[in-house]
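# Summary of the model geometry
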Amino acid sequence: MNFIDLPKLRDAEYLQYVKDFSGIIALNNPSTLQIDAKLSTFNTRIDELENLYKETLDNGKTQDLLQLDERRDNAVKGIYYFLLGHSYHFEADKKQKAQLLLDNMALYGSGIARLNYQAETATINNLIRDWENKPELTNAVAFLNLSVWINEMKTANDLFNTAYLSRTQEYGYASTEAIKSKREEVDAAYYALRDSIDTIHLLVEMPLSPYETVINQQLNTLTDQYNILLVNKKNVCL
C-alpha cells in the first residue's frame, strides 16, 4: 500500500485523511475482509481525536488565534504573490527589486505560512527586520510601495503573538499535547489496520485478492491525493 508521511499533515488534513481511509474500507465489507476488529479500534481512536479537536476549536481563545494566524498568513501570501508578479514586470527596475525581496524571503525556507506558531512568529519578525534595516532591501520596499503590506503583516504578527502568549499563560500546552498524543494513538491503529490489509493481501492464494480493488483503486488513490497536497505545499514558498 502506498506510503504517506502522516506527521506532515496538519490536524484538519490528518483527520480528514484517516476518516476517508476508514470510510473506504467500510464500503468494502470489512467483515469479509477479516479486518473489522482493527477497523473498529481505528474508528474509536478517530472519534476520540475528532472530539478533542472540536473541543480545542470551540475554545474562544483558539478561535481568535486561528483568525489572527489566517490574517498574518494572508499578509505573507499577499506579499509573496505581489513580488512574484512584479518579478515578471516589463520594467527592469521593478523586476530586479521584486526578485531581490523574493530571494530574501527564500532564505527563510519555503512555507512560511505553514510553520508552527512560534516559528512563523520568529520568521516574520526576522523578515521584517531585514527589510527595515538592510539598505538594499529597504530601498526595494520603498520603490515597490510595499510598506502598507509590511505594516499589515507586522501588525497581524504582533497581535497573534500577544494572543498566543495570553492563551499559553492561561491554558498551557495541554490541548496541543493532548492532540499530539491522540494522533500517535490514531497512527498506531492506522498502521495496524494498513499492515493487516497488506499482509492478508500478500498471503491470499486466490488468483485475485479481494483486496486488489480496495488497495490499488481506492486506498492508494486516496493516499496519492494527499501526497500531492503535501508536495504542492512544499513547492510553494508561502
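Residues numbered from 1 in each chain as written. Predicted model: local features only at pLDDT ≥ 70, side-chain atom pairs only at ≥ 80, totals over all residues. Heavy atoms only, no water.

## Regarding the packing of helix α4 (residues 92-106) against helix α5 (residues 117-133)
As a reminder of what qualifies: Axis angles are defined between N-to-C directions and span 0 to 180 degrees, where every axis is a line fitted to C-alpha atoms and, for a helix, only to the segment in contact. Helix and strand assignments follow DSSP, with helices taken as H or I runs no shorter than four residues and strands as E runs no shorter than two, numbered in order from the N terminus. Each crossing gets its handedness from the near helix: less than a right angle anticlockwise from the far helix is left-handed, clockwise is right-handed. In this analysis, two residues are considered to be in contact whenever any of their non-hydrogen atoms come within 4.5 Å of each other. Residue classes follow a fixed rule: Ala, Val, Leu, Ile, Met, Phe, Trp, Tyr, Cys and Pro count as nonpolar, while Asp, Glu, Lys and Arg count as charged, and any other residue, Gly among them, counts as polar.
Close contact between α4 and α5 brings their axes to 10 Å; oriented N to C, the two are set at 145 degrees. Between α4 and α5 lies a crossing whose hand is right-handed. Where α4 abuts α5, its residues Leu101, Asn104 and Met105 lie against Leu127, Asp130 and Trp131. Among the residues making up the contact of α4 with α5, the classes are represented as 4 nonpolar, 1 polar and 1 charged.

## Quick look at α4
Where we set the bar: One less than the residue count of a helix, multiplied by 1.5 Å, gives the span that helix is expected to have. Exposure is judged per residue with a 1.4 Å probe applied to protein chains only, and the accessible area is read against the type maximum: over 50% gives exposed, under 20% gives buried, and values in between give partly exposed. Working definition: the arc comes from the directions between the helix axis and the C-beta atoms, pointing outward to the latter.
Across its 15 residues, α4 extends 21 Å between first and last C-alpha, which sits within 8% of the 21 Å expected from 1.5 Å per residue. Buried residues of α4: Lys97, Ala98, Leu101, Leu102, Asn104 and Met105, and no others. Projected down its long axis, α4 shows its buried positions confined to an angular sector of 160 degrees, all on one face.

## Digging into the packing of aromatic side chains
Let me state the cut-off plainly: Here the aromatic set is Phe, Tyr and Trp, taking the six-membered ring for Trp, and pairing holds for ring centres within 6.5 Å; pairs whose planes are under 30 degrees apart are stacked, those over 60 apart are edge-to-face, and all others are tilted. Lysine and arginine charges are scored as sitting over a ring when NZ or CZ, respectively, is within 6 Å of the ring centre and within 35 degrees of the ring normal.
Counting across every chain of the model gives 11 aromatic pairs. Ring centres 5.1 Å apart and planes at 70 degrees place the aromatic pair Tyr17 and Tyr226 in the edge-to-face group. On the criterion of sequence distance, the pair formed by Tyr17 in helix α1 (residues 11-26) and Tyr226 in helix α9 (residues 212-235) is long-range, its members being 209 residues apart. Look at Tyr17 and you get buried, because its relative accessible area is 0%. Judged by relative accessible area, which is 11%, Tyr226 ranks as buried. Taken together, a centroid distance of 5.2 Å and an interplanar angle of 70 degrees make the contact between Tyr190 and Tyr191 edge-to-face. By the ring-pair criterion, three or more aromatic residues cluster together here, those being Tyr17, Phe21, Phe42, Tyr190, Tyr191 and Tyr226. When the ring centre of Phe160 is taken as origin, the NZ or CZ atom of Arg72, which lies over that ring, is 3.7 Å away. Above the ring of Tyr14, the side-chain terminus of Arg183 is found at 3.9 Å from the ring centroid.

## A few points about the side chain of Asp69
To keep things clear, this is the line we draw: For the purposes of these results, a polar contact is taken to be a pair of N or O atoms within 3.5 Å, where, inside protein, one atom must be able to donate a hydrogen and its partner to accept one; residues adjacent in sequence count only when each atom of the pair is a side-chain atom.
Mapping Asp69 onto the fold places it in helix α3 (residues 60-86). A distance of 3.0 Å separates a polar atom in the side chain of Asp69 from a polar atom in the side chain of Arg72. If we skip the residues at most four places from it in the chain, Asp69 touches Tyr117, Glu120 and Phe160.

## Here we look at α5
Its 17 residues place the ends of α5 24 Å apart at the C-alpha level, agreeing with the 24 Å of an ideal helix rising 1.5 Å per residue. Restricting attention to buried positions, one finds in α5 the residues Glu120, Thr121, Thr123, Ile124, Leu127, Ile128, Asp130 and Trp131.

## Section: unusual backbone geometry
One non-glycine residue, Asn145, lies in positive phi territory at about 55 degrees. For Asn145, a relative accessible area of 65% puts it in the exposed group.

## So, the confidence of the model for the protein
Basically, it comes down to this: The pLDDT value tells you how sure the predictor is about a given residue, anywhere from 0 up to 100.
The predicted model of the protein averages 86 in pLDDT, with 87% of residues at 70 or higher. Of all secondary-structure elements in the protein, the lowest mean pLDDT belongs to α9, at 78, while helix α6 (residues 135-143) reaches the highest, 97.

## Let's talk about the environment of Met105
Secondary-structure assignment places Met105 in helix α4. For Met105 and Trp131, which are 26 residues apart along the polypeptide, the C-alpha to C-alpha distance reads 10.0 Å. Ignoring sequence-local partners within four residues, the contact set of Met105 consists of Val76, Ile79, Tyr80, Leu83, Ile112, Leu127 and Trp131.

## Points about the nonpolar core
Rules: For the purposes of this section, nonpolar cores are sets of buried Ala, Val, Leu, Ile, Met, Phe, Trp, Tyr and Cys residues that join through side-chain atoms within 4.5 Å.
If you look at the biggest cluster of nonpolar residues, it comprises 30 residues, and the most contacted ones within it are Tyr17, Phe21 and Phe42. Only α1, α2 (36-58), α8 (174-203) and α9 provide two or more residues apiece to this core. Looking at this core, the element that brings in the most residues is α1, giving 7 residues. Apart from residues no more than four positions distant in its own chain, Phe21 is found in contact with Met1, Phe42, Tyr190, Leu193, Leu219 and Leu222. Of all hydrophobic cores here, the second largest spans 21 residues; its members include Ala75, Met105, Trp131 and Ile150.

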